[in-house]
Amino acid sequence: MIKVRSAGLLLVLFFCPPLMEVGAAATNNAPDFKEVYELLRSNLAGADDAELNRASVQGLLTQLQPRAALIGESKEANRGTNAESAIRTAVFDGEYGYVRVGQIGPGADKQVLSACQQLMASNKLKGIVFDLRFAGGQDYAAATALADMFFSKEKPLLDYGSGMKNSTAKTNAFSLPLTLLVNKETTGAAEAFAGVLRASDIGLLLGTNTAGKATMGKEFPLKTGQRLWIATALVKLGNGKSFPASGLQPDIHVEVSAADEQAYFEDAYKLLPKANHLASNPTNQTTLSITNRPPRHRPSEAELVRMHRDGEVPDPDAPPAKGRETEMPPHVIYDPALARAIDLLKGLSVVQQFRSI
């Protein structure tokens, strides 16, 4: 059974650790902010009001992340473009669908449903990977509608400030095994969608902790021209628990550096320099057959004989002719999170086969 790991919200002071320890030892309470500020202002050598103000703001916002953030422009102003909102699909190993969701907004449920139906119409799928890495959005109604696709019975899903929203009873609920890829940039509505499926034992999360920003928020203009984003309400799961500020913890942790993760996200078969040693022995990797990038055709023995007779087979020791493509190696998924997700779906498929015997 998949359970959502609960995480308590810790009240953390933004003062430096030594000061916290002294205060805790003396009274077990945090010192008064104004008192500490005035003492620093009157006695800290070389400090002026501008420096103290800057340090106070930075420290306060650092400790309140992700429930408060200083931004230069609207967090959603540059999001929701056609490129980010588009649904991207693929098929791996001929049996495992892949759906990438960049932005959860109005109509996302219909877009995803259409994408899944197209994949299933042309492939006999045994599972689907939902890629929510770098996905966001602030439309929690859309996240609820998207999650509803996977429920056959009425069940509480999300409360985003207007009461608990339930799934609807249906006979055509999506029932294939699911895995969901998440990372530190999975935020807002995408984070809520992942949380609902995991809380209901519908899908497993792979990757790293999500952003912890599944909150209803509002931006407030500041005199500097910047904006202060503040979480004004916490989004709650169907069990009534709020999303942890530390984000959703994955069921299977797959840590990848930010640069590598972005590279793999753009091209799952990209062989990064440090992974070159795997090229000669990729047996632990998952081979890929993707709908928008078909594997090269390998000629049969009969075709090779004909090509040799017609002079189409080049000398293997000769350099490739200019402008002619050289033979490409088999497609291999080097994205660690994606490879693990497909391996997991393969394992679930094997288990289901044994159960059906």
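Only a predicted model underlies this, so the values are computations on that prediction, with no experimental measurement involved. All residue numbers refer to position in the chain's written sequence, counted from 1. For this predicted model, a pLDDT threshold of at least 70 governs which residues receive local features, and a threshold of 80 or more governs which side-chain atom pairs are given and counted, while totals over whole chains, interfaces and linings are taken from all residues. The basis for every side-chain value is the complete set of non-hydrogen atoms in the structure, without hydrogens or water.

**Focus on the confidence of the model for the chain**
Thinking step 1. Residues of the chain with pLDDT of at least 70 account for 70%, and the chain-wide mean is 76.
Thinking step 2. Predictor confidence is given residue by residue as pLDDT, running from a minimum of 0 to a maximum of 100. In this description, contact between two residues means that some pair of their heavy atoms is separated by no more than 4.5 Å. Every residue in residues 73–83 scores below 50 in pLDDT, and together they form 19 contacts with partners more than four places removed in sequence or on other chains.
Thinking step 3. Low pLDDT (under 50) marks residues 313–318, which in the prediction has four contacts with non-local residues, meaning those over four places away or in another chain.

**Describing helix α5 (residues 108–122)**
Thinking step 1. Starting at the N terminus, helices and strands are each numbered in turn, a helix being any DSSP run of H or I of at least four residues and a strand any DSSP run of E of at least two. The span you would expect from a helix comes to 1.5 Å times its residue count less one. For α5, which comprises 15 residues, the first-to-last C-alpha distance of 22 Å matches the rise-based estimate of 21 Å (1.5 Å per residue) to within 8%.
Thinking step 2. Burial classification: accessible surface area is computed with a 1.4 Å probe over protein chains only, and a residue below 20% of its type maximum counts as buried, one above 50% as exposed, and the rest as partly exposed. Among all positions of α5, only Ala108, Asp109, Val112, Ala115, Cys116 and Leu119 are buried. Buried residues of α5, seen end-on, are gathered within an arc of 135° and therefore sit on one face of the element. In α5, the exposed positions that point more than 90 degrees away from the buried face belong to Lys110, Gln118, Ala121 and Ser122.
Thinking step 3. Residues of α5 that are buried sit in contact with β2 (87–92), β3 (96–101), β4 (127–131) and α6 (140–148). In this description, the arc belongs to the directions extending from the helix axis to the C-beta atoms.

**Here's the deal with the pattern of salt bridges**
Thinking step 1. For this document, the term salt bridge refers to a Lys or Arg side-chain nitrogen within 4 Å of an Asp or Glu carboxyl oxygen. The final tally for this structure, using the stated rule, is ten salt bridges.
Thinking step 2. A salt bridge links Lys126 to Glu95; the nearest nitrogen and oxygen atoms lie 3.4 Å apart. Of this pair, Lys126 sits in the loop between α5 and β4 while Glu95 sits in the loop between β2 and β3, and the two are 31 residues apart along the sequence.
Thinking step 3. According to the relative accessible area criterion, Lys126 is partly exposed, its value standing at 27%.
Thinking step 4. Note on Glu95: relative accessible area 28%, which makes it partly exposed.
Thinking step 5. Measuring nitrogen to oxygen at the nearest pair gives 2.8 Å for the salt bridge that ties Arg133 to Asp131.
Thinking step 6. What makes Arg133 buried here is its relative accessible area of 3%.

**Let's talk about the sheet that holds strand β10 (residues 227–234)**
Thinking step 1. As summarised here, the arrangement of the three strands in space is β1-β10-β9, forming an open sheet in which the pairing is antiparallel. Edge positions in the sheet fall to β1 (68–71) and β9 (215–221), since each has one partner strand and no second. With direction set aside, neighbouring strand axes in the sheet form an average angle of 25°.
Thinking step 2. Sheet topology note: the β1/β10 ladder contains four bridges and is antiparallel. Of the residues in β10, the one forming a bridge with Ala69 is Trp229. In this analysis, strands are considered paired if DSSP registers two or more bridges between them. Axis lines are fitted to C-alpha atoms, over the contacting stretch for helices. Their N-to-C directions set the angle, which ranges from 0 to 180 degrees.

**Overview of the sheet that holds strand β8 (residues 203–207)**
Thinking step 1. Spatially, the six strands line up as an open sheet ordered β2-β3-β4-β7-β8-β12, and their pairing is mixed. Of all the strands in the sheet, the pair left with one neighbour each is β2 and β12 (252–253).
Thinking step 2. Of the pairings in the sheet, the one linking β3 to β4 comprises five bridges and is parallel in character. Paired with Tyr98 across the two strands is Val129, which belongs to β4.
Thinking step 3. Each of β7 (178–182) and β8 is contacted by helix α7 (residues 188–199), which is oriented at about 145° to β7, the strand it contacts most.

**Here's the deal with the pairing of strand β5 (residues 156–159)**
Thinking step 1. Bridge count between β5 and strand β6 (residues 164–166): three bridges; the pairing is antiparallel. Among the inter-strand pairings, Leu158 is bridged to a residue of β6, identified as Lys165.

**What about the packing of aromatic side chains?**
Thinking step 1. Pairing of aromatic rings covers Phe, Tyr and the six-membered ring of Trp, with a centre-to-centre limit of 6.5 Å; geometry is then stacked below 30 degrees between planes, edge-to-face above 60, and tilted otherwise. Inspection of every chain in the model, using the stated rule, returns eight aromatic pairs.
Thinking step 2. Relative to Tyr98, the ring of Phe92 lies with its centre 5.5 Å away and its plane at 80°, an arrangement referred to as edge-to-face. Exposure class is identical for Phe92 and Tyr98. Each is buried.

**As for the side chain of Asp131**
Thinking step 1. Turning to its location among the elements, Asp131 is positioned in strand β4.
Thinking step 2. Note on Asp131: relative accessible area 0%, which makes it buried.
Thinking step 3. Here a polar contact is recorded for every N or O atom pair within 3.5 Å, except that within protein the pair must consist of a potential hydrogen donor and a potential acceptor, and residues adjacent in sequence are included only if both atoms are side-chain atoms. Among the polar contacts listed, one links the side chain of Asp131 to the side chain of Tyr98, at a separation of 2.6 Å.
Thinking step 4. Discounting residues that sit within four places of it in the chain, Asp131 has contacts with Tyr98, Val99, Arg100, Val101, Leu181 and Phe265.

**What about unusual backbone geometry?**
Thinking step 1. Backbone geometry at Phe134 places phi at a positive 65°, although glycine is not the residue there.
Thinking step 2. Within the secondary structure layout, Phe134 lies in the loop between β4 and α6.
Thinking step 3. By relative accessible area, Phe134 is classed as partly exposed at 23%.
Thinking step 4. The backbone of Asp201 shows a phi angle near 60°, a positive value even though the residue is not glycine.
Thinking step 5. With respect to the helices and strands, Asp201 occurs in the loop between α7 and β8.
Thinking step 6. Judged by its relative accessible area of 29%, Asp201 falls in the partly exposed class.

**Details of the packing of helix α2 (residues 33–43) against helix α3 (residues 49–64)**
Thinking step 1. At a minimum axis distance of 10 Å, the contact between α2 and α3 shows a crossing angle of 145°. Crossing hand, α2 versus α3: right-handed. Residues Phe33, Tyr37, Leu40 and Arg41 of α2 lie in contact with α3, whose contacting residues are Asp49, Leu52, Asn53 and Ser56.
Thinking step 2. Considered class by class, the residues forming the contact of α2 with α3 number four nonpolar, two polar and two charged. A clockwise turn of the near helix away from the far one marks a right-handed crossing, whereas an anticlockwise turn of less than a right angle marks a left-handed crossing. Under the scheme applied here, ten amino acids are nonpolar (Ala, Val, Leu, Ile, Met, Phe, Trp, Tyr, Cys and Pro), four are charged (Asp, Glu, Lys and Arg), and all others, including Gly, are polar.

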